[in-house]
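Structural characterization, general
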Amino acid sequence: MLAGGSTAPAAAQDVPPAPVALTAGWQLAQDPSDRGMRERWQTGGGAPAWRPATVPGVFDARPVEEDFPGTVGWYRLEFTAPPAAGDLRWGLRFEQVRRSSRVWLNGRLLGRNTDPYVPFTLPAAGLLPGRRNTLVVRADSRKGAEPREGWWNWGGITRPVWLVPRATIGLDDPGVLSDVTCPEGGGGPCSAKVIVDGTLEHRGSGDARPAVTVRLTAPDGSVTTGSATSRILRPGERARIRFTVPVQGTPQLWQPGAPNLYRARIETRLGNRVLQVDERRTGLRSVKVRNGMLELNGRAVDMRGASIQEDLVGRGPALSDADLELVVAELKEVGANVTRAHYLLNERLLERLDEEGILVWNQAPIYHRDKRLVTPEQRADALRTVRGTVLAARSHPSVITHSVANELSATPDSVPGTRSFLRSARGLVHDLDPTLPVSVDLLSYPGFPAQKAFASYDLLGVNSYFGWYRGKKKHSTARLADLEPYLASMRRKYPDSALVLTEFGAESTFVGPRGTKETYAFQNDYVGQVLDIVDRSPFLGGAIYWTLREFAVKPDWDGGAKRQVPRDGIHNKGLITYGGIRKPAWQVAQTNFRATTLFREDALTASAQSQGGGGTGLLAWGVVLAILVLLALDAWMLRGILGARRRRWLTGQSVR
């Protein structure tokens, strides 16, 4: 493969069609007794009670306790396919179906998917061009105790569905990755490249040697192009293609406050023919760990923000465009420059976070999963989820890290399956996206020795509930006062890894005294005290509150207060209630978030300005003070010399 900065070939005459959103006309039939397969609902058998449905949607938007184990629901859509266009084929792309699914087109099984959090595409075999087609999806949300999840077990087609063109040679999972080099401290110009990465698949006949081109248009209109040619592919073969293109001119960097976006057009070609077109909006930015500190564009950061769960009253995770705008607006209002979730965020939400300049801690939902990392098959399943999470998010400039898991064993070095998974996951993410630090989020229990499995990661997320949960025997987290020394001990244990406080929080549901857990006053003080500790910990890359809004949780959730407080099936640590009311702690978080500058040297400059009256205030006062000290010292020495001369003159001694 040949990397380049060459000019892309002239546009071909036949441009493939755009994807088609399958939004209107869906129907849903509930199947709580799971009889649909026996009665062959997929081919029109039985007598299912079809009713109009919204997609994206969920089976039932009310988190009722008896529904948590899950159920089965069937979706049906009749649609007219686009007319035939040469040898062009089509696929069906589902951005998310919870939990598992089977898909039929015109009675023919297309395939299955078992991952409830990452997108998947199936070839639309048997599609009738220009005619009516029937699409049937069986969604099964039933789950057992594992995998362990704290959030509600929603079921349904929860994100958009697309009919996507699939050429005889296609590029799967194309990514445009930002490879920027900035001087330490942000001084001086940065240089930039983009890495184009994907997998070519030959779906036609005859040998072929396709090429991939990229056209990158900067915010100011300047254009960079590059291309690479694959090796010869035989029918049915897949081959990875990756090439680097230097960006022309001075890069216009992306960061909070200046979310500059480039337009990337990726074309897959065979000769002069354009087989596939992919559009991306990306940004140029550098995210690195240097000397144990997390840096954005060469400057150490001190982020502030709140995590989110995609869950709103009446819709669950099936968010509308208006819902996504609400999430973004609330993050901006609280002053957040970073957010996080326990699974891959909605593609439309990631695009909005790109536009608004809000950083994203991207995480695979490998949560408390040690019991399902024992066998090679279980680890392979988890790694597929990590792969899908990274591939879907890696082109977004808002994404600053890929976290492979959340709250696995605190001692993975002694848990073979977990240790093996962490090693494999780190290598996988580095391969899929070499431009970002790889992270893992940790349970915070004091008293455990440093773990080699964690030390190998660039970035460690610290989930702390000191002062809220009690912790374990000999590893107590009962006292908030122990958080600061714990963070200092983590710095000593992992000096080469950057640290970010990725979770902290306390539930609140009623009015009461500050010393009583779960009162609004307790949460108010808790948020303020933790943020004060973060402010005093200059080695941290920031803090992310858990969570912005309340969300539905599993029925046995106790909240952690260990008091006789009625439970309502809602995770009550949010700064905003499930119904949308801001709690008193919102103001505490907002005040701190807005007062904290993203870049640490900016905070030092601001301090100098406030103390010295200007950008060089501290330096100027220091110079003045030094001059005054020197003048005083000179005066004292001169006085001493003149005094000695006078005494010697009076006594007749010689003076030298």
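For the structure given in this document, a descriptive report is provided here. Note that this is a predicted model, so its numbers are computed, not measured. (Residues numbered from 1 in each chain as written. Predicted model: local features only at pLDDT ≥ 70, side-chain atom pairs only at ≥ 80, totals over all residues. Heavy atoms only, no water.)

1. Some thoughts on the environment of V565
By the element assignment, V565 lies in the loop between strand 37 (551–552) and strand 38 (570–571). Along the sequence, V565 and F510 sit 55 residues apart, while their C-alpha atoms lie 9.4 Å from each other. The residues touching V565, leaving out its near neighbours within four places in the chain, are T509, F510 and E518. (Helix = DSSP H or I, 4+ residues; strand = E, 2+ residues; numbered from the N terminus. Contact = heavy atoms within 4.5 Å.)

2. Observations concerning the sheet that holds strand 8 (residues 108–113)
Pairing in this open sheet of six strands is antiparallel, and the strands run 3-2-4-10-7-8 from one edge to the other. Two strands close off the open sheet at either side, each with one partner strand: strand 3 (51–52) and strand 8. Relative to strand 10 (residues 132–140), strand 4 (residues 72–80) runs antiparallel, the two being bridged by nine bridges. Within strand 10, the position partnered with W74 by the bridge is R138. (Pairing = 2+ DSSP bridges.)

3. Let's talk about a negative patch on the surface
A cluster of acidic side chains, namely E65, E66, D67 and D556, defines a negative patch on the protein surface. Note on placement: D67 falls in the loop between strand 3 and strand 4. A relative accessible area of 34% means that D67 is categorised as partly exposed. (Patch = residues over 30% accessible without salt bridge, like charges linked within 9 Å, V, L, I, M, F, W, Y side chains within 5 Å. Areas by Shrake-Rupley, 256 points an atom, 1.4 Å probe, with all protein chains shown as cover. Salt bridge = Lys/Arg side-chain N within 4 Å of Asp/Glu carboxyl O. Lys, Arg positive; Asp, Glu negative; His and termini not counted. Charge placed at Lys NZ, Arg CZ, Asp CG, Glu CD. Buried < 20%, exposed > 50% of the residue type's maximum accessible area, 1.4 Å probe, protein only.)

4. Concerning the packing of helix 2 (residues 321–334) against helix 3 (residues 347–356)
Contact geometry of helix 2 with helix 3 gives a least axis separation of 10 Å together with a crossing angle of 40 degrees. Every pair of crossing elements has a handedness; the one defined by helix 2 and helix 3 is right-handed. On helix 3, the residues touching D321, L324, E325, V327, V328, L331 and K332 of helix 2 are R348, L349, R352, L353 and E356. When the residues that make up the contact of helix 2 with helix 3 are grouped by side-chain class, the tally is six nonpolar, no polar and six charged. (Axes fitted to C-alpha atoms, helices over the stretch in contact; angles between N-to-C directions. Left-handed = near helix turned anticlockwise from the far one by under 90°. Nonpolar A, V, L, I, M, F, W, Y, C, P; charged D, E, K, R; others polar.)

5. Concerning the packing of helix 4 (residues 376–393) against helix 5 (residues 416–432)
One way to put it is that helix 4 packs onto helix 5 with a least axis distance of 10 Å and a crossing angle of 30 degrees. When the axis of helix 4 is compared with that of helix 5, the two are roughly parallel. Read as a crossing pair, helix 4 and helix 5 show a hand that is right-handed. Residue-level contacts link R379, A382, L383, V386, R387, V390 and L391 of helix 4 to G417, S420, F421, S424, A425, L428, V429 and L432 of helix 5. Across the contact of helix 4 with helix 5, the residue classes tally to ten nonpolar, three polar and two charged. (Parallel < 35°, antiparallel > 145°, perpendicular 65-115°, else oblique.)

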